[in-house]
Every structure is written in C-alpha cells, then in structure tokens.
Amino acid sequence: MNSGARILYIEDDPGLSRLVRARLEGEGYRVELCGTGAEGLAAFDEALHDIVIIDYQLPDRNGLEILETLVAGGVKTPMVIATGAGSEEVAVRAMKLGAADYINKEASGKFFQLLPSVIEKALRQHELAMQTQRAQSELRESEERLRSIIASIDDAVLVTDKSGLFVAVRAPGSGARSPTASAGWIGATFRDVLPPAVAAQFESAFTAVQAGDRVEQFDYSLPSENGEVWFNAKVSPLKAPEGGFAGVTIVARDVTARKVSEEGFRLASLAANAASRAKSDLLAGMSHELRTPLTAVIGYAEILANEYFGTLNERQAQQVQIILQASRHLLDLINDILDISKIESGKTELELSPVRVSAVVILTVDLLKETASRRKVRVITRIPDDLSALQVPADERRVKQVLVNLVSNALKFTPEGGSVEIAMRRRDGALAVSVTDTGIGIPREELERIFDSFYQIRGRPSAARVQGSGLGLSLAKQIVELHGGRIWAESQGDGKGSCLTFTLPLGSAGQ
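Residues numbered from 1 in each chain as written. Predicted model: local features only at pLDDT ≥ 70, side-chain atom pairs only at ≥ 80, totals over all residues. Heavy atoms only, no water.

> I'm lost on the packing of helix H3 (residues 63-72) against helix H4 (residues 88-97) in this one. Help?
Each pair of packed helices gets described by two things: the angle between the helix axes and the distance between those axes. Between H3 and H4, whose axes approach to 10 Å, the crossing angle comes to 10 degrees. Our classification of the angle between H3 and H4 gives roughly parallel. Residue-level inspection shows Leu 64, Leu 67, Glu 68 and Val 71 of H3 in contact with H4, the latter providing Val 90, Arg 93, Ala 94 and Leu 97. Each residue belonging to the contact of H3 with H4 can be placed in one class, and the counts come to six nonpolar, no polar and two charged. (Axes fitted to C-alpha atoms, helices over the stretch in contact; angles between N-to-C directions. Helix = DSSP H or I, 4+ residues; strand = E, 2+ residues; numbered from the N terminus. Parallel < 35°, antiparallel > 145°, perpendicular 65-115°, else oblique. Contact = heavy atoms within 4.5 Å. Nonpolar A, V, L, I, M, F, W, Y, C, P; charged D, E, K, R; others polar.)

Pasting the structure below:
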C-alpha cells in the first residue's frame with residue numbers, strides 16, 4: 001500500500017468529502033479537499049499531489065473538463081473520476097481523456113469499500129508506467145551513447161556466429177586503414193577474407209575463446225599500398241541469451257605507429273648497447289695498458305719508501321708517500337673500471353657457493369680496522385644469533401667487495417668521533433645487510449644518483465675533501481643485482497647520517 005500518498009479530492013458535497021478524508025486518512029493517506037473545479041485547479045501541484053480524485057458533477061464545471069485541462073497541461077499525475085450519476089459513456093470518455101480509473105459512488109458503502117483499492121491500483125499503474133518510461137529513456141540514451149562511441153573510434157568491430165561466419169562488420173571511418181574490406185565480409189570465414197597466416201591466428205583465437213570462455217589478444221599485419229600495416233585484435237566471447245557460446249566479437253585496432261616506435265626503440269637500444277660495449281671494451285683495454293706501468297711505478301716507489309738504496313730525507317719521504325698514495329688510488333680506480341666494464345659486457349660470472357655472510361662482515365671489519373682507528377670512528381656489528389650461521393648462495397669475493405666498498409664509503413664521510421654500524425636481518429625472503437653511519441648524510445634528491453658511475457655529491461665542502469673515484473657504489477650496485485638482490489640508500493638529509501642496504505636471496509637452504 002502506498003501509505004502516506006498525498007491525495008487531492010475535488011468534491012462539492014462537504015459531508016461526503018469529510019467522510020472520504022476520514023476513511024483515507026485512516027488508511028495512512030494525506031488528503032486535501034477542494035469544493036469546486038476552480039479551487040481544485042488552483043490548488044493542484046504535481047510536486048505535492050500523488051493522485052487526484054475528481055467528482056464528475058461540480059457546480060462550476062464537470063470532472064471531465066478538469067481532467068482535460070490537467071492533461072492538456074502535461075500533468076502526469078494519475079487522476080480518478082468519481083460520479084454518482086455514472087454511466088459507461090462517462091467512463092469511456094474519462095479513460096480516453098487520460099484518466100487512470102473510474103469509480104461509481106452511487107452505492108456509498110461499495111464506494112467507500114472500493115476507493116482505497118482503486119487508489120492503490122492507479123498509483124501502482126502510474127509507478128509502472130513511469131518505470132517503463134524511464135527504462136525506455138535510459139535505453140534510448142544508452143543506445144545513442146553506444147552509437148556515438150562506435151562512430152567516434154577508429155577501431156574495426158567484427159562479430160561472428162558460433163560457426164565462425166561473420167554476421168556483422170563495422171569498419172573505421174573513411175580514410176582509415178582497416179582490416180575490413182567491406183560489408184561483403186558478412187557470411188564469409190576468416191580464410192575467405194584474410195591471408196592464410198593471419199586467418200590461422202584468428203582461427204586459433206576463436207577456438208581458444210570457444211573452449212575456455214576467455215579473451216584472446218594478438219598482433220597481426222596486413223599488406224597495404226604504403227607498406228605493412230599492423231593491428232591488435234581482441235577476441236571476446238559472445239553469449240547467447242541462454243548463456244551458451246554464440247560467437248565472438250573482434251575489436252581490431254591499428255597499432256602501426258606503436259610497432260614503428262617499438263622497432264625504432266629496439267634499434268636504438270641495440271645501438272646504445274653496442275656503444276656501451278664498445279665503451280666498456282675501450283675502458284678495459286686502456287685499463288690493462290695503464291695497469292702494467294702503474295704497477296711498476298708503485299713497485300719502485302715502495303722500494304724508495306723502504307730505503308733499499310739509501311736513506312731519504314724528510315721532504316723526499318713525503319714526496320714518495322704522495323706518489324704511492326696517488327698511484328694506489330689510480331690503481332683502485334683502474335680495477336673498479338675493469339670490474340664495471342666486465343659486468344656491463346656480460347663477461348662476469350659469479351662463483352656461487354654457500355657463503356656465511358656474518359663471517360664476511362667480521363672479515364671486512366678486520367680489514368678496515370686500521371682505517372677506522374686512524375679516522376677515530378667506531379665500527380659496530382649487529383648480527384642476530386639466528387643469522388650468525390646462515391649461509392646464502394653467493395660469490396664470497398664479490399660480497400666482500402660490496403661490503404668493503406660500503407663500509408669504506410661510510411668511514412670516508414663520517415667525522416671523527418662518529419660511528420658506523422653493520423647490521424643483518426631478514427627482509428621479504430632475503431638477507432638484508434645495512435651499513436649505517438653518523439656522517440654528513442645525503443640530500444633526498446641525491447639518493448638514487450649516488451649509485452651512478454663517477455657520480456659524487458657536489459657543492460659540499462666536507463665531501464669535496466674526501467678522495468674517491470665515484471665508482472665504488474656503482475660497482476656495489478651491479479654486483480648486488482648480479483646476485484638477484486637490490487641496493488638502496490636512505491638519509492634524513494645533510495648532517496643526519498645515512499644507511500645503505502643491500503639484499504641477497506636466501507635460496508632454498510635459507511628459507
């Protein structure tokens with residue numbers, strides 16, 4: 001029941017009006033009364049009244065005239081004609097004019113009994129009519145949107161039946177390259193209209209979609225006057241009303257521009273890789289040529305420093321130490337260049353074996369103990385008991401190289417009285433090793449770039465005083481990635497220290 005519905009009752013009999021209102025309000029309706037047709041027309045508001053009941057015989061005009069006036073004004077509210085002098089002729093005229101129903105009030109008992117059901121019926125019919133109207137309007141709008149969308153795209157749309165025959169073809173607008181020739185494709189098979197190799201692709205996709213109720217997607221090419229044209233086909237299942245397979249829908253998009261771009265990128269990538277390999281080979285060759293005489297320079301400088309051929313005065317000793325320091329730095333740089341060039345050229349093979357990383361950490365601390373002592377920096381290790389004996393598949397020499405680079409880097413940039421901490425932990429199925437220092441920190445915008453070859457943070461006096469090649473972190477990154485791990489840096493900014501972490505896969509033994 002439409003409880004709470006608002007009713008406008010136009011009736012010239014005051015007693016009957018009060019009785020009707022009492023009856024309907026007892027059913028939960030809200031009733032507004034008017035005694036003449038003029039009052040009723042003046043009081044009516046489509047936004048306020050859900051239904052109008054109009055007495056046929058009113059002092060100023062009859063109910064059909066009021067009905068006709070309201071209908072002519074475009075009113076959609078349901079209206080019921082009530083009369084005590086009813087006839088089939090009045091009922092027929094009322095219904096033709098647009099009344100929702102008709103009720104005879106000659107027998108008052110029956111009138112009061114039937115009135116609520118007549119109102120309910122009229123309201124239900126009106127609601128159904130409005131729902132149907134809205135649905136039809138939405139359907140029209142949806143169809144129009146779909147037509148507009150299809151008309152605006154440059155994709156070809158093809159539909160087949162369950163046997164693979166084309167039943168609908170929509171080619172792109174004129175001038176667009178299309179895999180569809182014309183509407184003459186309707187009734188044809190893939191092999192009737194496409195080259196054999198392309199037809200085989202469509203037949204394979206059709207079979208897969210039919211068998212697996214899934215979407216298939218692939219690229220194919222067709223010859224054209226201007227060369228090869230590439231398309232991407234998306235083949236989707238078409239369902240019958242009962243839910244069975246009814247065919248496929250194919251959306252074919254011209255992707256020639258993408259293919260040309262991909263080919264250009266591929267060629268550029270090949271050229272870049274060739275240039276990179278040439279650069280690496282050149283650096284490796286130069287490094288080999290430089291290392292031989294440099295080794296001799298270091299050897300003779302060490303002979304002089306050890307005073308095998310006579311005592312050096314203080315100034316001579318200082319100069320020899322400068323030669324040794326610069327030569328060893330240059331040798332480290334050459335060795336790093338050789339390592340990077342080997343990795344970039346794919347000539348580096350890891351010698352994997354079970355490695356106890358905690359032992360490599362301790363060995364690294366021992367190797368750099370003198371450097372830390374000279375710089376007055378405290379080195380701390382934090383190795384949980386459950387990780388002290390853990391072994392991971394790795395190249396031990398390379399892992400030590402990574403750790404030495406990271407810890408050496410931390411010692412370089414940590415001022416006197418600071419500390420460097422080496423910690424181990426499990427992280428996302430891998431072993432994570434972090435080197436944290438209380439040094440000068442790293443600006444946020446530099447966190448990714450510090451792993452670039454030869455890159456050093458600029459514009460910082462404290463960093464400028466530190467000698468380095470700019471290759472240590474780059475080499476560490478490439479070694480870690482060779483192992484299948486990753487490396488990253490974290491810092492809160494200048495003067496707030498930094499933390500460099502790398503991971504190594506645990507392997508089956510460490511899971």
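> Looking at this structure, I do not really get the pattern of salt bridges. What am I missing?
Any two side chains of opposite charge can pair, on the condition that their charged atoms come close. Using the criterion set out here, one finds 18 salt bridges in the structure. For Arg 258, the salt bridge identified is with Glu 262, shortest N-O distance 3.2 Å. A residue pair is termed a helical-turn pair when its members lie 3 or 4 positions apart in one helix, as Arg 258 and Glu 262 do in helix H8 (residues 256-305) at four residues. Look at Arg 258 and you get partly exposed, because its relative accessible area is 34%. A residue is classified by how much of its surface remains accessible, and Glu 262, at 38% relative accessible area, is partly exposed. The residue Glu 263 makes a salt bridge to Arg 266 at a minimum N-O spacing of 2.7 Å. Pair noted here: Glu 263 and Arg 266 are both in helix H8, with a separation of three residues, about one helical turn. By relative accessible area, Arg 266 is classed as partly exposed at 41%. (Salt bridge = Lys/Arg side-chain N within 4 Å of Asp/Glu carboxyl O. Buried < 20%, exposed > 50% of the residue type's maximum accessible area, 1.4 Å probe, protein only.)

> Explanation requested: the packing of aromatic side chains in the structure shown.
Any aromatic ring pair is given by two values, namely how distant the centres are and how the planes are angled relative to each other. Under the criterion given, the structure shown has 10 aromatic pairs. An angle of 80 degrees between the planes, with centres 5.1 Å apart, marks the rings of Phe 202 and Phe 218 as edge-to-face. Taken as a pair, Phe 202 in helix H7 (residues 196-212) and Phe 218 in strand E8 (residues 216-224) lie far apart in primary sequence, 16 residues in all. Taking the relative accessible area as the measure of exposure, Phe 202 reaches 4% and is therefore buried. Phe 218 gets classed as buried once you look at its relative accessible area, which sits at 13%. Between Phe 206 and Phe 245, the aromatic rings sit 5.7 Å apart at their centres with planes inclined by 80 degrees, giving edge-to-face as the arrangement. A residue pair is termed long-range when its members are at least 10 positions apart, and Phe 206 in helix H7 and Phe 245 in strand E10 (residues 245-254) qualify at 39 residues. Each residue in the set Phe 166, Trp 185, Phe 190, Phe 202, Phe 206, Phe 218, Tyr 220, Phe 231 and Phe 245 is aromatic and connected to the rest through ring pairs, giving one cluster. (Phe/Tyr/Trp six-rings, centres within 6.5 Å; stacked < 30°, edge-to-face > 60°.)

> For this particular structure, what's the right way to read the confidence of the model for the protein?
The predicted coordinates should not be examined in detail at positions where pLDDT is low. In the predicted model, the protein carries a mean pLDDT of 84, and 86% of its residues have values of at least 70. The low-confidence segment residues 461-465 (pLDDT under 50) makes four contacts with residues lying over four places distant or belonging to another chain. (pLDDT = per-residue confidence, 0-100.)

> Looking at this model, I keep getting lost on H7. Mind explaining?
For H7, built from 17 residues, the straight-helix expectation of 24 Å at 1.5 Å per residue is met to within 8% by its first-to-last C-alpha distance of 24 Å. Its buried side turned inward, H7 meets strand E6 (156-160), helix H6 (190-193), E8, strand E9 (227-239) and E10. Downstream of H7 by one or two residues, Asp 213 has phi in the positive range, about 50 degrees. (Expected span 1.5 Å × (residues − 1).)

> Got a minute to help me understand the nonpolar core in this structure?
Most often, soluble globular proteins keep nonpolar side chains buried together rather than apart. Residues Val 357, Val 392, Leu 403, Leu 406, Leu 431, Val 433 and Phe 502 are the most contacted members of the largest nonpolar core, which totals 40 residues. In terms of residue count, helix H12 (residues 396-412) provides more of this core than any other element does, seven residues in total. When neighbours within four sequence positions are excluded, Leu 406 is seen to be in contact with Val 435, Leu 473, Ala 476, Ile 487, Leu 500 and Phe 502. Formed by 22 residues, the second largest nonpolar core is a distinct cluster that contains Phe 206, Val 209, Phe 218 and Val 235. (Core = buried A, V, L, I, M, F, W, Y, C linked by side-chain atoms within 4.5 Å.)

> Quick question: what am I supposed to make of the sheet that holds strand E7 (residues 166-170) here?
Backbone-to-backbone hydrogen bonds pair the strands of a sheet. The strands run either parallel or antiparallel. Spatial ordering of the open sheet is given by E7-E6-E10-E9-E8, a layout of five strands whose pairing is antiparallel. With one partner strand each, in any of the chains shown, E7 and E8 form the two edges of the open sheet. Pairwise comparison of adjacent strand axes, ignoring direction, gives a mean angle of 25 degrees for this sheet. (Pairing = 2+ DSSP bridges.)

> Would you take a moment to explain a negative patch on the surface for this structure?
Residues Glu 39, Asp 60, Glu 65 and Glu 68 make up a contiguous surface patch of negative charge. On the secondary structure map, Asp 60 appears in the loop between strand E3 (51-55) and H3. (Patch = residues over 30% accessible without salt bridge, like charges linked within 9 Å, V, L, I, M, F, W, Y side chains within 5 Å. Areas by Shrake-Rupley, 256 points an atom, 1.4 Å probe, with all protein chains shown as cover. Lys, Arg positive; Asp, Glu negative; His and termini not counted. Charge placed at Lys NZ, Arg CZ, Asp CG, Glu CD.)

> Hey, could you run me through the environment of Asp 395 in this one?
Tracing the sequence through the fold places Asp 395 in the loop between strand E13 (391-394) and H12. Along the backbone, Asp 395 and His 483 are 88 residues apart, and their C-alpha atoms lie at a distance of 8.2 Å. Other than its neighbours up to four places away in sequence, Asp 395 contacts Glu 349, Leu 350, Glu 351, Leu 352 and His 483. Within the structure, Asp 395 has its side chain in polar contact with the backbone nitrogen of Arg 397 (distance 3.2 Å). (Polar contact = N/O pair within 3.5 Å; in protein donor to acceptor, adjacent residues only side chain to side chain.)

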